[in-house]
There are 2 protein chains.
Amino acid sequence: MSAMTPFKLLTSYEKALTIIQKTLRPIDRIESIPIETAHDRLLAKDLLADISVPPFRRAAMDGYAVKAKETFHASTTKPKRLKLVDKIHAGDSTDRSLKSKECIQVATGSPLPKNADAVVMVEYTSFQGGVVNIFRPVYPGSNISPKGEDIEKGTMVLKKNDLLIPAKIGVLAALGYTHIEVYAKPQVIVISTGSEVRKIGSKLESGQIYDVNSYTISAILKENGAIPVPHSPVKDNHEEIKSVIANSLDYELIVISGGSSVGERDLLSHVVEEMGKIIFHGVQVKPGKPTLFGIIDETPIFGMPGYPTSCLSNS
Amino acid sequence: MSAMTPFKLLTSYEKALTIIQKTLRPIDRIESIPIETAHDRLLAKDLLADISVPPFRRAAMDGYAVKAKETFHASTTKPKRLKLVDKIHAGDSTDRSLKSKECIQVATGSPLPKNADAVVMVEYTSFQGGVVNIFRPVYPGSNISPKGEDIEKGTMVLKKNDLLIPAKIGVLAALGYTHIEVYAKPQVIVISTGSEVRKIGSKLESGQIYDVNSYTISAILKENGAIPVPHSPVKDNHEEIKSVIANSLDYELIVISGGSSVGERDLLSHVVEEMGKIIFHGVQVKPGKPTLFGIIDETPIFGMPGYPTSCLSNS
């Protein structure tokens, strides 16, 4: 039955955001995770390619590996005739080389004979009696993917803070990485206060309601790349709230809802003042006005309005 | 060293999409999951509220529960004086009622005395010697949240196929649900083919490259709400590919990359023709032309280009 204090000066929405951005520091914890789970994470260091991709010269088309000069002047009416002496499959290791007037059948992805310098596409050939007829000339380098065509060894392929979208996951796979160092997601403890608030799954007694805010806040945190750690509802009691916060200072952020309106139950602001510093309390938005932002022992803390709609709209 | 068949008619991109949409059927498997993990899932059935939220009449402000008519004509100069006889905290169960000229202190969320019909905000009162001075009249219903104000028992609050955004997770929590029935995510087996393709983590021998496609495709599948199940790379061999597909028909979708270009290695289209039906093969997009779509025993199958960039752009 004590006096109640009205909100002092409200902070504008834009100013509140700026203050928050200036106060919060990015997570610098790094963790190594399998690339299968790295999607949408932030890379923690620059990455140099330690192999070339592909790591060997290979055929870019299905056809025949040749010495280009042996196809010069070929035409439909006067095809060049090369003896088919072998076949190299994709995945084969080869140390073959071509002798004069020879060709070797290759498929897209096959490594090439050492001294072949072009591939004639199968569409411009015919095959008969051990001999390939070539109807069009090719230039040196035609239909060949040089070693390192996709990624050259030693180049910086990904940068610190890159967001790992599917294409970048592909780069990691191409280089053979199984694990990668990314910034850890912030661990955020989510606390609902209110002596009338009960955890879902319990039976409501008269005068009680279910906790809503810790579920909506957790969903929003997940959506934004954090790991929410829900706490069971805490009674409107100065000492209990203080003790829960004291035990939560190892988290990277504390989000606590309820108890942040003006009134006898405005316990949170007193607790934050006692334990640390209130940076702002009261934002010029509706609903959501009683939002509080403070810092305790370097751990930022948000006090959200207790009423679910207000809480949600300000999360 | 066999003949190679060129692409027949290419399907336009728009037509390909329409065909896919007509052919695929939504997953009808339903699973029950904790609401903490229900974010972004699709609700599998309509949901009626089986309790009212709030389940009791409560104070919407901090102040004093009164009989409204006893505040009529109150003013700053002529306050109405009511005896403060009790205090009801949020979370309390109460069977109090007010006698004439009495009031009871309440906080936002407190249940109300049976015969109180309004709450006077603390801002318009002063307290002295056991008596509350009321400076403004209130109307019946002022500053009171009626039972069921947020959700009325029996109303349909969520519908089948609703996407569970944070606000809807909040509705589930408000009603006390711990678990909820949602549609299962499609399980998709992701297979890379290519005799030269090796799983990341293995050492590359000459002529080999790392599997890229199963990682990029898996990331894209996750992004789109599916569960990718990666298979180790499969050699370019008719019988091996056939056997892997035969063992994958219990999945809701098969995505297989490589081997879908025209060439001797165009094994996939032969396998699909043998086991089921090709719906289209070849799409008018670049890169990504050789994309194949078919169906085997009611399981849809996509054949993606083997070259990582083409594969990614068509996923």
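Residues numbered from 1 in each chain as written. Chains lettered and ligands numbered in written order. Predicted model: local features only at pLDDT ≥ 70, side-chain atom pairs only at ≥ 80, totals over all residues. Heavy atoms only, no water.

Mapping chain B onto chain A calls for a rotation angle of 180° and an axial translation of 0.0 Å; the resulting RMSD is 0.0 Å. What we have between these two chains is a two-fold relation. Nearest to the rotation axis, the C-alpha of Glu223 of chain B is located 6.2 Å from it, this being the minimum over chain B. Both copies share a contact surface, since 98% of the interface residues of chain B are interface residues in chain A too. (Least-squares fit on C-alpha atoms with pLDDT ≥ 70 in both. Contact = heavy atoms within 4.5 Å.)

As a further point, take the sheet that holds strand β16 (residues 227-230) of chain A. Residues and elements named next belong to chain A. Taken in spatial order, the 6 strands of this open sheet run β16-β13-β17-β20-β19-β18, and their pairing is mixed. Every other strand in the sheet has two partners, leaving β16 and β18 (277-281) as the edge strands with one partner each. The mean angle between the axes of side-by-side strands here comes to 20°, regardless of whether they run parallel or antiparallel. Of the strand pairs in this sheet, β18 and strand β19 (residues 292-296) are connected by 4 bridges, and their pairing is antiparallel. Considered in β19, the bridge of Lys277 is made with Ile295. In the packing of helix α3 (residues 213-223) onto the sheet, contacts are made with β13 (187-192), β16, β17 (253-257) and β20 (299-304), and the angle to β13 comes to roughly 160°. (Pairing = 2+ DSSP bridges. Helix = DSSP H or I, 4+ residues; strand = E, 2+ residues; numbered from the N terminus. Axes fitted to C-alpha atoms, helices over the stretch in contact; angles between N-to-C directions.)

Attention shifts here to the pattern of salt bridges. By the definition in use, this model includes 16 salt bridges over all chains. Here Lys242 of chain A makes a salt bridge to Glu274 of chain A, at a shortest N to O gap of 2.5 Å. Residue Lys242 of chain A is located in helix α4 (residues 238-246), and its partner Glu274 of chain A is located in helix α5 (residues 267-275); the two are separated by 32 residues in the primary sequence. Relative accessible area serves as the criterion here: at 25%, Lys242 of chain A is assigned to the partly exposed category. The residue Asp162 of chain B makes a salt bridge to Lys168 of chain B at a minimum N-O spacing of 3.7 Å. Residue classification places Asp162 of chain B among the buried positions, given a relative accessible area of 17%. Residue class for Lys168 of chain B comes out partly exposed when judged on its relative accessible area of 25%. (Salt bridge = Lys/Arg side-chain N within 4 Å of Asp/Glu carboxyl O. Buried < 20%, exposed > 50% of the residue type's maximum accessible area, 1.4 Å probe, protein only.)

On to the packing of helix α2 (residues 166-174) of chain A against helix α3 (residues 213-223) of chain B. Remark: α2 of chain A packs on α3 of chain B, axes separated minimally by 8 Å, with the N-to-C direction vectors making an angle of 150°. In terms of axis orientation, α2 of chain A runs roughly antiparallel to α3 of chain B. When the axes of α2 of chain A and α3 of chain B are compared, the crossing they make is right-handed. Contact residues: α2 of chain A offers Pro166, Ile169, Gly170 and Ala173 of chain A, while α3 of chain B offers Tyr215, Thr216, Ala219, Ile220 and Glu223 of chain B. When its residues are assigned to classes, the contact of α2 of chain A with α3 of chain B shows 6 nonpolar, 2 polar and 1 charged. (Parallel < 35°, antiparallel > 145°, perpendicular 65-115°, else oblique. Left-handed = near helix turned anticlockwise from the far one by under 90°. Nonpolar A, V, L, I, M, F, W, Y, C, P; charged D, E, K, R; others polar.)

Counting residues at the interface gives 62 residues for chain B and 61 residues for chain A. Both sides together, the interface formed by chain B and chain A hides about 4,900 Å², and carbon and sulfur atoms give 65% of it. At the boundary of chain B with chain A, the tally comes to 0 salt bridges. Inspection of the region where chain B meets chain A yields 6 residue pairs in polar contact (both at pLDDT 80 or more). Elements represented by at least two residues in the side of chain B that touches chain A include exactly β5 (80-88), α2 (166-174), β15 (209-210) and α3 of chain B. The residue inventory of the side of chain B that touches chain A, partitioned by class, reads 31 nonpolar, 17 polar and 14 charged. (Buried area = accessible area lost by both parts, 1.4 Å probe. Polar contact = N/O pair within 3.5 Å; in protein donor to acceptor, adjacent residues only side chain to side chain.)

Shape is all these values report; function is a separate question.
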